[in-house]
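Understanding the architecture of this molecule
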Amino acid sequence: MTGKVRVIFGSKSDLKYYEPMKEYFDKFGLEHDFHISSAHRNPDKTKKLVTEADELGYSVLIAAAGMAAHLPGVVAAYTRLPVIGVPLTGPTLSGEDALYSVVQMPTGIPVATVAINGTKNAVILAAQIIALFDKNVDEKLKEFRIKQSQ
Ligand code: RP5
């Protein structure tokens, strides 16, 4: 069994955060795709991207958004797959607005929230989830940890 990750960004203006993620997806050999879909501007598209994910074989979803960042919570509402939320910096408030929006989920619908702009950790966490059932990813994570310590 292999694991796939679906990434959803809230806006085209968030795409600058994709390149650093791609490097980490490649490092762990993780299959993934990414989409732009705002929880506010494209609610129907967002719902479709999430509800089809299970059937299409995705194991983890990463949702990244800035400002009043409802995207990760909305994504989590539509699936039982694990959702990793990434609060992004916006034009004001240094990303604290997004951090609180993403991390403060009410009981019942969790979002595993990483640091503001923590896109690389989002990929590493996705790799750790997938490594539970994918030995190749687990091996790559082991190598990564050894190199990091050195
Ligand atoms: C959020 O609002 C997006 O994730 C983005 O970070 C922020 C601003 O979006 P744009 O107005 O630049 O499209 O939904």
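Above this text sits the structure in question.
In this report, the structure presented in the accompanying data block is examined.

Each value, and the rule that gives it
Residues numbered from 1 in each chain as written. Predicted model: local features only at pLDDT ≥ 70, side-chain atom pairs only at ≥ 80, totals over all residues. Heavy atoms only, no water. Core = buried A, V, L, I, M, F, W, Y, C linked by side-chain atoms within 4.5 Å. Buried < 20%, exposed > 50% of the residue type's maximum accessible area, 1.4 Å probe, protein only. Helix = DSSP H or I, 4+ residues; strand = E, 2+ residues; numbered from the N terminus. Contact = heavy atoms within 4.5 Å. Phe/Tyr/Trp six-rings, centres within 6.5 Å; stacked < 30°, edge-to-face > 60°. Lys NZ or Arg CZ within 6 Å of the ring centre and 35° of its normal. Near = heavy atom within 4 Å. Polar contact = N/O pair within 3.5 Å; in protein donor to acceptor, adjacent residues only side chain to side chain. Areas by Shrake-Rupley, 256 points an atom, 1.4 Å probe, with all protein chains shown as cover.

What about the nonpolar core?
Counting 27 residues, the largest nonpolar core has V5, F25, F28, L30, I62 and V123 as the members making the most contacts within it. Where this core is concerned, the elements lending two or more residues are strand 1 (4–9), helix 1 (18–27), strand 3 (58–66), strand 4 (83–88), helix 5 (119–130) and helix 6 (135–149). The dominant element in this core, judged by the number of residues it contributes, is helix 5, at six residues. With near-sequence residues (within four places) excluded, L30 lies in contact with G3, V5, F25, V123, A127, I130 and V137. Judged by nonpolar contacts, the second largest core, of 18 residues, contains I8, L61, A65 and A98.

Focus on the environment of D54
Position of D54 among the secondary structure elements: in the loop between helix 2 (43–51) and strand 3. On a C-alpha basis, the gap between D54 and R80 in space is 8.7 Å, while along the polypeptide they are 26 residues apart.

Side note on the packing of aromatic side chains
Across all of its chains, the model carries five aromatic pairs by this definition. On the basis of an interplanar angle of 85° and a centroid distance of 5.3 Å, the ring pair of F28 and F144 is categorised as edge-to-face. Of this pair, F28 sits in the loop between helix 1 and strand 2 (31–36) while F144 sits in helix 6, and the two are 116 residues apart along the sequence. When its relative accessible area of 1% is taken as the criterion, F28 is described as buried. Sitting above the plane of the Y24 ring, K27 keeps its charged end 4.9 Å from the centroid.

Observations concerning the site of the ligand
Taken together, G10, S11, S13, D14, R41, A65, G66 and M67 are the residues near the ligand. Within the side chain of S11, an N or O atom sits 2.6 Å from an oxygen atom of the ligand. Surface burial for the ligand is 75%, taken as the share of its 360 Å² of free accessible area covered by protein chains.

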